[in-house]
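# Reading the structure
Read off the chains here:
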Amino acid sequence: MDIKSIIAGRLVEARESAKMTQVQVADALGLVRQTYARFEQSQALPDVAQLITLTKLFDKPLDYFYESGSDSYRIALRADDPDLLKPELKNRLIEKLKNINDIEQAADKNKVNEYPSSMPIFEATESTLQEVEDKAYSERNRLGIGNATCVGDIVSVLESADIRVIPFSLSAEEGDLLSGFSLFSEKYGPAIFVNNHHSIPVERQIFSICHEYAHIIFHRNEYDGPSKKYKTSGRNTSPEEKIANHFAACFLMPKDAIRRQFNNAGGGKAYAETIMRLKKVFRVSAASIISRLESTKLITKDNSGKLWGYATLRNWRISEPEPIIEPLSYDKRILELSQKAWFNGTASEGFIADLLELDRKSLASLLEEWYGELEAQDAI
C-alpha cells in the first residue's frame, strides 16, 4: 500500500470518527471541498502544515496518518473459535495500544524494554514442560517477585517490564467466551488484552494474563493473526495451550510455595476448606488449586478425584466459590502517565478523555483532583 492510500484511509477513518463532513474539514484547512476530497481519494497528498492542522483537528498524533492500521501488529488468538475477536474490537484495542504509546511519549516515559527474550517451545512433553516450569520461576525472579510469595498486583508487575495489560469487556456468545489474547509489535512491543467482563471472576482474569504472558515468551515468533483454531481444553488440548497453562500455574503457584502453604493448612489430605484457604493465598481459582495440588503430587489421585467431584457438583468451573471482590486496577499506570503529560502540557483534554474513556463531567472531576494533589504537594 502506497503512502497516498495509507493517508487517505486514515483521513476517512479520523473524519468519520469525529463525525465531521468533508466540507467541515476542508474549511478547517482553508480549502474547497473538492481539493480535500482528492486527499481521501488517494489522488493527492496534504503538505506538512496541513497534516499538522489535521492532527489538531482530529486530536491524533502525526504518525497516525502514516500507519496502515494493524498490519504491523502480530496477534495471537488461540481459541476454539477465532471469529470471537471481531475486527471492530481488534481495531479498537490496537488503537488503545497506540494511544498508550502516545501518552508514554507525552509523559517522557522511557521504555526499558525489559520483556523477556523469545524461548520457542511447541511440544508439551515431560522435558519441555520442565523447561517451561524453570522459565516461570526465572521470570518471577527477574521481575523481583521471588518464589515464596503470591504474585500480588500482576498488572503492575508486568507493566513495570513494558508489557501493557489492556482490558476489554465482552460477554459470552452462545456459551463461547473470549478470555484474552496477546499481540507483539516491533514498534510497540508486547501487549496482553484481557476480558474483564463482570461475569469473569478476578481469579480467572489473573490466570488469563499469565497464560498470555506465556504465549509472548514461547510463541510470539509464530504470531500471525487470529486465524488458526486451537483446542483449548479437554483431552486433545493443543500443545501451545498446555504450555501456556503450565507456565501460568507455575508462575502463580510455585511448587515450593504451594507445598509450604499446603503443609501450613494441615497437609496430608485436602478438603474443600483447604482449597478455599489456598485460593485466597494465591489469588487463583479453586479449579487451579486442585490442578496444581494434583500436578505437584501433594495429594493422591483418589483425593483429587473426590475434590473434582465436589467441584463439579457445586459448579466451580463456571461459578467461582468465594471470589475475589476487589477488581484488578488496569488504569493505574495510564492515570499516572496522563497526569504527568497533562502538567507537561503535552496531552489535550480530548486525548486524555478518549484514552481513559471519560465523559466531560468525569474528566473535569479528575482534573480537579489532580490540581488538588498538586496544591497539597506545594503546601508541604
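Preceding this paragraph is the structure being described.
Position labels on residues start from 1 in each chain and follow its written sequence. Only residues with pLDDT of at least 70 get local features here, since the model is predicted, and only at 80 or more are side-chain atom pairs given and counted; chain-wide, interface and lining totals rely on the full set of residues. Only hydrogens and water are set aside when side-chain values are computed; all heavy atoms of the structure are taken into account.

Moving on, we get to unusual backbone geometry. A positive phi angle is found at K19, which is not glycine, with a value near 55 degrees. The classification of residues rests on relative accessible area computed with a 1.4 Å probe and restricted to protein chains. Under 20% of the type maximum is buried, over 50% is exposed, and intermediate values are partly exposed. The exposure class assigned to K19 is exposed, which follows from its relative accessible area of 74%. Of note, the phi angle at S42 is positive, near 65 degrees, even though the residue is not glycine. Strands are runs of DSSP state E lasting at least 2 residues, helices are runs of H or I lasting at least 4, and numbering of each runs from the N terminus. One can find S42 in the loop between α3 (33-40) and α4 (48-58).

Let us look at the packing of aromatic side chains. Stacked, edge-to-face and tilted are the three classes for Phe, Tyr and Trp ring pairs, Trp counted by its six-membered ring, which pair at centre distances within 6.5 Å; planes under 30 degrees apart are stacked, over 60 edge-to-face, the rest tilted. A full pass over the atoms with the stated rule returns 10 aromatic pairs. Look at Y310 and W316: their rings are 5.4 Å apart centre to centre, the planes differ by 75 degrees, and that puts the pair in the edge-to-face class. By relative accessible area, W316 is classed as buried at 9%. Taking the centre distance of 5.3 Å and the plane angle of 80 degrees together, the rings of F343 and Y371 count as edge-to-face. Taken as a pair, F343 in helix α14 (residues 332-344) and Y371 in helix α16 (residues 360-379) lie far apart in primary sequence, 28 residues in all. Among the aromatic side chains, those forming a connected cluster through ring pairs are Y213, F218, F247 and F251. As a reminder, the over-ring test applies to NZ of lysine and CZ of arginine, requiring each to be within 6 Å of the ring centre and within 35 degrees of the ring normal. Above the plane of the ring of F251 lies R140, whose end atom (NZ or CZ) is 5.9 Å from the centre. A cation over a ring is seen here: R314 above Y310, with NZ or CZ 3.7 Å from the ring centre.

Below, the discussion takes up the packing of helix α2 (residues 22-29) against α3. Axis definition: a line fit to C-alpha positions, over the contact stretch in the case of helices; interaxial angles, taken between N-to-C directions, run 0 to 180 degrees. Between α2 and α3, whose axes approach to 9 Å, the crossing angle comes to 105 degrees. Compared by their axis directions, α2 and α3 come out roughly perpendicular. On α3, the residues that touch Q22, V23, V25, A26 and L29 of α2 are R33, Y36, A37, F39 and E40. When its residues are assigned to classes, the contact of α2 with α3 shows seven nonpolar, one polar and two charged. Here the angle decides the label: under 35 degrees means roughly parallel, over 145 means roughly antiparallel, 65 to 115 means roughly perpendicular, and every other value means oblique. What makes two residues a contact is simply this: any of their non-hydrogen atoms within 4.5 Å. In this count, Pro and Cys sit with the nonpolar residues alongside Ala, Val, Leu, Ile, Met, Phe, Trp and Tyr, while Asp, Glu, Lys and Arg are called charged and the others, Gly among them, polar.

Here we come to the environment of K280. With respect to the helices and strands, K280 occurs in helix α11 (residues 272-282). Under the relative-accessibility criterion, K280 is labelled exposed at 57%. Sequence separation between K280 and E203 is 77 residues; the distance between their C-alpha atoms is 9.5 Å. Pairing of N or O atoms within 3.5 Å defines a polar contact, subject to two protein rules: one partner must be a possible hydrogen donor and the other a possible acceptor, and residues neighboring in sequence count only if both atoms are side-chain atoms. In this structure the side chain of K280 is engaged in a polar contact, spanning 3.1 Å, whose partner is the side chain of E322.

In short, shape yes, function no, at least from these values alone.
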